[in-house]
Structures are given as C-alpha cells and as structure tokens.
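Structural characterization, general
The residues making up each chain are set out below.
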Amino acid sequence: MLNSFHIFYLTIKQNRWYWYFSFFCRFTLALGFILAGITKVLGERFASGLSEIHPMGAYLTALHETGYYYTFIGIAQIVAALLLLIPRTVVLGALLYFPIIINICILSYAVRFEGSLISAPLMVLANLFLLVWHYDRLQYILPFKSAKNLVPINTLKISSNKFPAGFFSVVLLSIALVIVFFINGFSIVPRNSFSDCESQFKGKENNYKGVDFCKCVHQEGKPLKDCLSLYEAE
C-alpha cells in the first residue's frame, strides 16, 4: 500500500505543469553547463575578465593551469548536460550534474563571488527538483525502499491540466529568498573590480576601512579571509 508521499508523487507526475517545469529545468541546466564546458574544452579561462589576484580569479587561474584536468571538468560538464537532454539518460545526467553544481555553489559563497551567488544556488534547487521528479527511477537505490511501496515507472500519463499555484508560489519564493540573501547575506563582498568594491562603502562611516579592504583584495592580492580579518580588526 502506497504511503502519502507516494500518492502525492503520483499526483504531481500526472500534472502537465510539473512536466513543463521539469523540461525547463533540464534545458536551462544543460545550457548553463554546455556554455561553461565548451569554454574549458577550448582552453579559455572561465570568467577571464576577473583579475588574477581576485579570490575567484586566482582560483580560476590556478584551475586553468592544471591542463587536462581543466579540460576534463569541461568534458564532464558537457556530458552531464547532454545526458540531461536525452530522456533515457536524464537521471544519470542529474546525478552527475549534482556534485559539480554543489561544488560551484559552495565555492561561490566561500569567495563571495557575485557572478554566481544567485545562479549557482538556483541551479542546485533545479537539480534537486529533477532528482525528486525522477524518484520513480531513483527509488531502487535508496536505502529505505520497500517492495510494496515502489511506484510504477513510465506508466504514468498526463491527466491533469490544473495549474499548481502553490508549487509555483514556492518556486518564486525560493528565487526571492536567494536574491534577498544575495543582497543582504554578506556585509561586504570583493566585487569584480576595485572601483566596484570601493563603491559599496561610499557614504558610510567606515569608508576608509572599506578602501583598505578593496586594496587588500584587488591590489595586494591577499587571501580573502586575511582581508576580511583586516577589515574587522580595525
């Protein structure tokens, strides 16, 4: 006998709007990795506009200098993207995609890189949706599966056109929360250039401390944690 989760899962799998959203997640995630992967395979440094002494720029420069490892990451991204586009391999693609995008998300927050502070967590959420969406296939490898509770695979047909307002409200709320955290999550960020970094301190009492922080990051090239410690110590 199916439990409440399985009943709910079967219900959403038969709704046209959830299918549309799964297609949207697949194709947007695939596009993001194809573009990033091609850049790496062609040997170009990702986010080449960043200074080499910028926290993210330094990381990307070092990664670029690893040679075939850098190319391998690009190939992995392209493979994950292509697997997402093929219906038979979408689950494998989502599984391969997840650890890569989690790593990018954590890296973005670790170095406070504005370029992916919004996109990376949203991509993680989209990837998680795809994994849950394909629970009917993943259920066989989960440690808490039960033979009597397994849901059918590839036997569900769209039978509802009802717009899931509650679900899409949660989606919009999640996007809003990510944006709010992006705006308010960090009191200071290195930004992508010295002038942009300096602009966040204009009109504030600690303007001189902010300028020293920006010089520490963009001119002296010190580690971000050292520059943050300097800012907080003064």
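What counts, and where the lines are drawn
Residues numbered from 1 in each chain as written. Predicted model: local features only at pLDDT ≥ 70, side-chain atom pairs only at ≥ 80, totals over all residues. Heavy atoms only, no water. Disulfide = S-S within 2.5 Å. Helix = DSSP H or I, 4+ residues; strand = E, 2+ residues; numbered from the N terminus. Buried < 20%, exposed > 50% of the residue type's maximum accessible area, 1.4 Å probe, protein only. Core = buried A, V, L, I, M, F, W, Y, C linked by side-chain atoms within 4.5 Å.

1. Quick notes on the state of the cysteines
What makes a disulfide is a covalent bond joining the sulfur atoms belonging to two cysteines. All chains considered together, the criterion is met by two disulfides. One disulfide in the model links C197 with C214; its S-S distance is 2.1 Å. Classification of the bridge connecting C197 and C214 rests on its S-S torsion, roughly -85°, and on that basis the disulfide is left-handed. With C197 in helix α9 (residues 194–199) and C214 in helix α10 (residues 207–218), the pair connects residues that are 17 residues apart, well separated along the chain. The two residues C197 and C214 agree in class, both being buried. A disulfide bridge connects C216 with C227, and the sulfur atoms are separated by 2.1 Å. Because the torsion about its S-S bond is -85°, the bridge between C216 and C227 counts as left-handed. Residue C216 is found in helix α10, and its partner C227 is found in helix α11 (residues 224–233); the two are separated by eleven residues along the sequence. For the pair formed by C216 and C227, the shared burial category is buried.

2. Observations concerning the nonpolar core
Core analysis: the largest hydrophobic core is formed by 33 residues, its most contacted members being L29, F33, L84, Y97 and L130. Elements that contribute at least two residues to this core include exactly α1 (4–13), α2 (16–41), α4 (68–85), α5 (90–110), α6 (119–133), α7 (135–138) and α8 (165–184). The element that contributes the greatest number of residues to this core is α6, accounting for eight residues. Judged by nonpolar contacts, the second largest core, of eleven residues, contains F213, C214, C216 and V217.

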